[in-house]
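Listed below are the residues making up each chain.
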Amino acid sequence: MTDLLRKNIEDITAIPEDTLIRNIDYIGKIFVYTPTKDVYSVLISSSLISHVKDKVFLMDLIKTYSTMEEVTLALNNYSSGKTEAFAGLWEMNSTKSAYLMEQTEKDHVYPLYKAVVEMERVKTFLYFGINGPEVRYRFNNTQKQIEEMISKIKKQYGT
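Each chain carries its own residue numbering, running from 1 in the direction its sequence is written. Only residues with pLDDT of 70 or above have their local features reported here, since the model is predicted, and side-chain atom pairs are shown and tallied only from 80 upward, although totals for entire chains, interfaces and linings are computed over all residues. To get the side-chain values, take all heavy atoms of the structure and skip hydrogens and water.

A few words now on the nonpolar core. For the purposes of this section, nonpolar cores are sets of buried Ala, Val, Leu, Ile, Met, Phe, Trp, Tyr and Cys residues that join through side-chain atoms within 4.5 Å. Burial status follows relative accessibility: with a 1.4 Å probe on protein chains alone, a residue under 20% of its type maximum counts as buried, one over 50% as exposed, and anything between as partly exposed. Grouped together as the largest cluster of nonpolar side chains are 35 residues, with contacts concentrated most on Leu-5, Tyr-26, Phe-86, Tyr-113, Val-122, Phe-125 and Leu-126. Secondary structure is summarised from DSSP: a helix means a run of H or I of at least four residues, a strand means a run of E of at least two, and numbering begins at the N terminus for each. At the level of secondary structure, the elements contributing two or more residues to this core comprise helix 3 (38–45), helix 4 (55–86), helix 6 (110–118), helix 7 (120–128) and helix 8 (132–157). Top contributing element to this core by residue count: helix 4, with 10 residues. Only heavy atoms enter the contact rule, under which two residues are in contact if any of them lie within 4.5 Å. Not counting chain neighbours up to four residues away, the residues in contact with Val-122 comprise Ala-85, Phe-86, Val-116 and Val-117.

Right under this line is the structure:
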């Protein structure tokens, strides 16, 4: 959605209204990703790591957790930038925000999106912010890497 808004920032009506309605949660949705690393922490901090015979497997496991940490940082940076950019929505005067909510309830979302993309902080985020599609791509690749690692663990150690 970030790319779509960035490409059409000058004329928000170039985006089909049904697309904007389907993605209305983009405006307020913030993602926070916190992977669980309990098992990994135990493995690293204990003597168990020396008992793993397959060092390639061990390196793949360490690489997977390292990638998870990178994606966590990227996603949380993106979310932090988005939170800061969209904070102005909550600072709008009550008359304007009431009008925008009324229009949105009638499935007229152009006024809301137009108000959003006209805010300077949002423009800055859309033009120069962390690239959402890049974060999504990295997240999806990491998910694939995790699934492959789970398959390796099951194959090597059973379920």
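Now that the structure has been shown, the text picks up again.
Bringing the packing of aromatic side chains into the picture now. Centres within 6.5 Å are what make two rings of Phe, Tyr or Trp a pair, Trp counting through its six-membered ring; a difference in plane orientation under 30 degrees is then read as stacked, over 60 as edge-to-face, and the rest as tilted. For the structure on display, the rule yields three aromatic pairs. Look at Tyr-78 and Phe-125: their rings are 5.5 Å apart centre to centre, the planes differ by 50°, and that puts the pair in the tilted class. Of this pair, Tyr-78 sits in helix 4 while Phe-125 sits in helix 7, and the two are 47 residues apart along the sequence. Like Tyr-78, the residue Phe-125 is buried in the burial classification. Cluster of aromatic residues (ring-pair linked, three or more members): Tyr-78, Phe-86 and Phe-125.

Where helix 6 meets helix 7, the axes come as close as 5 Å, and the angle between the chain directions of the two elements is 80°. Our classification of the angle between helix 6 and helix 7 gives roughly perpendicular. Across from Val-116, Val-117 and Glu-118 in helix 6, the residues of helix 7 making contact are Glu-120, Val-122, Lys-123 and Leu-126. Its residues assigned to classes, the contact of helix 6 with helix 7 shows four nonpolar, no polar and three charged. Fitted lines through C-alpha atoms serve as axes, helices being fitted only where they are in contact, and the angles separating the N-to-C directions of these axes extend from 0 to 180 degrees. Put simply, angles under 35 degrees are roughly parallel, angles over 145 are roughly antiparallel, angles from 65 to 115 are roughly perpendicular, and the rest are oblique. Classification used: nonpolar for Ala, Val, Leu, Ile, Met, Phe, Trp, Tyr, Cys and Pro, charged for Asp, Glu, Lys and Arg, polar for all others including Gly.

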